[in-house]
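A closer look at the structure
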Amino acid sequence: MGDDTPAAPGALRVDEAKLIGHVDEVVRASVEETLNGLLDAEADEICRAQRYERSAERVDCRAGHYERKLETKAGEVKLRVPKLRRLPFETAIIERYKRRKASGEEALVEMYLAGLPVRRVEDITEALWGTRVSSSMVSRLNQKIYRHIDAWRNREITGEFPYVYLDGVVLNRSWAGEVHNISVLIAIGVGTDGCRQILGVAEGEKEDLVGWRGFLVHLKDRGLRGVRFIISDACRGLVEAAA
């Protein structure tokens, strides 16, 4: 069935691709029907009565539904999630979906931070979950990451930090398939409670007077106070900026 040998007269030829596609669709439709049946059963249980059933035990009734897509191993299915008039409808199916989506986003974030190109991320997600994540989704997640990073970088520094460690490190960064060296300035403070805390990180700044001065002003503007002792190397730009 899979070669190019001419078929004998009257022989039956089967298009394997169409057959597999048909089977996949049957499985997907079956999964979709089963999940929607489970959603209806959950709604009946909450209402303590089936749809349109007259019962003295009924505590709520249906108020339509909304549609929601769900990625499964069998493919994308469309859920018809019931809505109730008074009680909230909380389903274990949707909760599992949320956990799966969250874990998927975490995996995408980790791959991005590891420096994998978008095309490679798409290939990995297709191998892991059977669906190919779009480049637009990766872009949206990147923006989500940036918002969290910017919020952390610009957060208010509260409390006093008598001891502050300052240092600059050079890290390798993967960008568009190429690896570049970048400087990162780091400040770690020891508070009056004796606990260490990362006060700030500045990427792309050189270890010169301008770079260190800008970084220290940034820390001060965010509320850094109570500094009595700075621990660092003998970098000339750092020493001059700290003064």
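Scope of this entry: the structure provided in the associated data block. Small disclaimer: the values here were computed from a predicted structure and weren't measured.

What follows deals with the packing of aromatic side chains. Tallied over the full model, the rule gives two aromatic pairs. Consider the rings of Tyr163 and Phe229, whose centres lie 6.4 Å apart with planes at 70°: the pair is edge-to-face. Here Phe229 lies in strand β6 (residues 229-231) and Tyr163 lies in strand β3 (residues 163-175), a separation of 66 residues in the sequence. Each ring, one from Trp212 and one from Phe215, has its centre 6.0 Å from the other, and the planes form 55°; the classification is tilted. Placement of both Trp212 and Phe215 in helix α5 (residues 209-221) is noted, with a separation of three residues, approximately one turn of the helix.

Here we come to the pattern of salt bridges. As enumerated under the stated definition, the model contains eight salt bridges in all. The salt bridge partner of Asp44 is Arg62, with a shortest N-O separation of 3.1 Å. Highlighted residues: Asp44 in helix α1 (residues 16-47) and Arg62 in strand β1 (residues 62-72), separated in sequence by 18 residues. On the accessibility criterion, Arg62 (16% relative accessible area) is buried.

What follows concerns a negative patch on the surface. Side chains of Asp167, Glu207, Asp208 and Asp233 sit close together on the surface and give a patch of like negative charge. Topologically, Asp208 is positioned in the loop between β5 (196-203) and α5. A residue is classified by how much of its surface remains accessible, and Asp208, at 32% relative accessible area, is partly exposed.

If you look at soluble globular proteins, the nonpolar side chains tend to sit buried side by side. Counting 16 residues, the largest nonpolar core has Leu166, Leu199, Trp212, Phe215 and Leu219 as its most contacted members. Mapped by element, the contributors of at least two residues to this core are β3, β4 (178-190), β5, α5 and α6 (236-242). Sequence-distant contacts of Leu166, defined by excluding residues within four places in its chain, comprise Ile186, Ala187, Trp212, Leu216, Ile230, Ile231, Ser232 and Leu238. The next biggest cluster of nonpolar side chains, apart from the first, holds ten residues, and it includes Leu70, Val77, Val81 and Leu84.

For the rest of this paragraph, the subject is the pairing of β4. One ladder, built from seven bridges, connects β4 with β5; its direction is antiparallel. The residue bridging Gly189 from the neighbouring strand is Gln197, located in β5. Taking the residues that link successive antiparallel strands as the turn, the β4-β5 hairpin has five residues, and the phi of Gly194 there is positive, at about 85°.

With that settled, consider the environment of Cys47. Topologically, Cys47 is positioned in helix α1. Exposure remark for Cys47: the relative accessible area of 1% places this residue in the buried category. Dropping the residues within four chain positions of it, Cys47 is found in contact with Glu57, Arg58, Val59, Asp60, Cys61 and Leu84.

Turning next to the environment of Leu79. Summarising the element assignment, Leu79 is placed in strand β2 (residues 75-84). In this structure, the C-alpha to C-alpha distance between Leu79 and Arg68, residues eleven residues apart in sequence, is 5.0 Å.

A few words now on the environment of Leu38. With respect to the element layout, Leu38 can be found in helix α1. Here the alpha-carbon distance between Leu38 and Thr91, two residues 53 residues apart in the chain, equals 9.3 Å.

Cut-offs applied
- Just so you know, the residues in each chain are numbered from 1, in the order the chain's sequence is written.
- With the structure being a predicted model, the display of local features is reserved for residues of pLDDT at least 70 and the display and counting of side-chain atom pairs for 80 or more, all residues being used for whole-chain, interface and lining totals.
- Side-chain measures were taken over the full set of non-hydrogen atoms in the model, leaving aside hydrogen atoms and water.
- Each Phe, Tyr or Trp ring (for Trp, its six-membered ring) is paired with any other whose centre lies within 6.5 Å, and the angle between the two planes then decides the class: stacked below 30 degrees, edge-to-face above 60, tilted in between.
- In this text, helices come from DSSP runs of H or I with a minimum length of four residues, and strands from runs of E with a minimum of two, each type numbered from the N-terminal end.
- By salt bridge we mean one thing: a side-chain nitrogen of Lys or Arg within 4 Å of a carboxyl oxygen of Asp or Glu.
- Only protein chains enter the accessibility calculation, which uses a 1.4 Å probe; a residue is then buried when its area is under 20% of its type maximum, exposed when over 50%, and partly exposed in between.
- To count toward a patch, a residue needs a relative accessible area above 30% and no salt bridge. Like charges then connect within 9 Å, nonpolar side chains (Val, Leu, Ile, Met, Phe, Trp, Tyr) within 5 Å.
- Areas reported as accessible are Shrake-Rupley estimates using a 1.4 Å probe. Residue values count occlusion only from the protein chains shown.
- Residues scored as positive are Lys and Arg, those scored as negative are Asp and Glu, and His as well as the terminal groups of each chain are ignored.
- In plain terms, the charge of a residue is placed at NZ if it is Lys, CZ if Arg, CG if Asp and CD if Glu.
- Buried residues of nine kinds, namely Ala, Val, Leu, Ile, Met, Phe, Trp, Tyr and Cys, make up a nonpolar core once their side-chain atoms join them within 4.5 Å.
- Any two residues whose heavy atoms approach within 4.5 Å at even a single point are treated as in contact.
- Paired strands, as defined in this entry, are two strands with at least two bridges between them according to DSSP.

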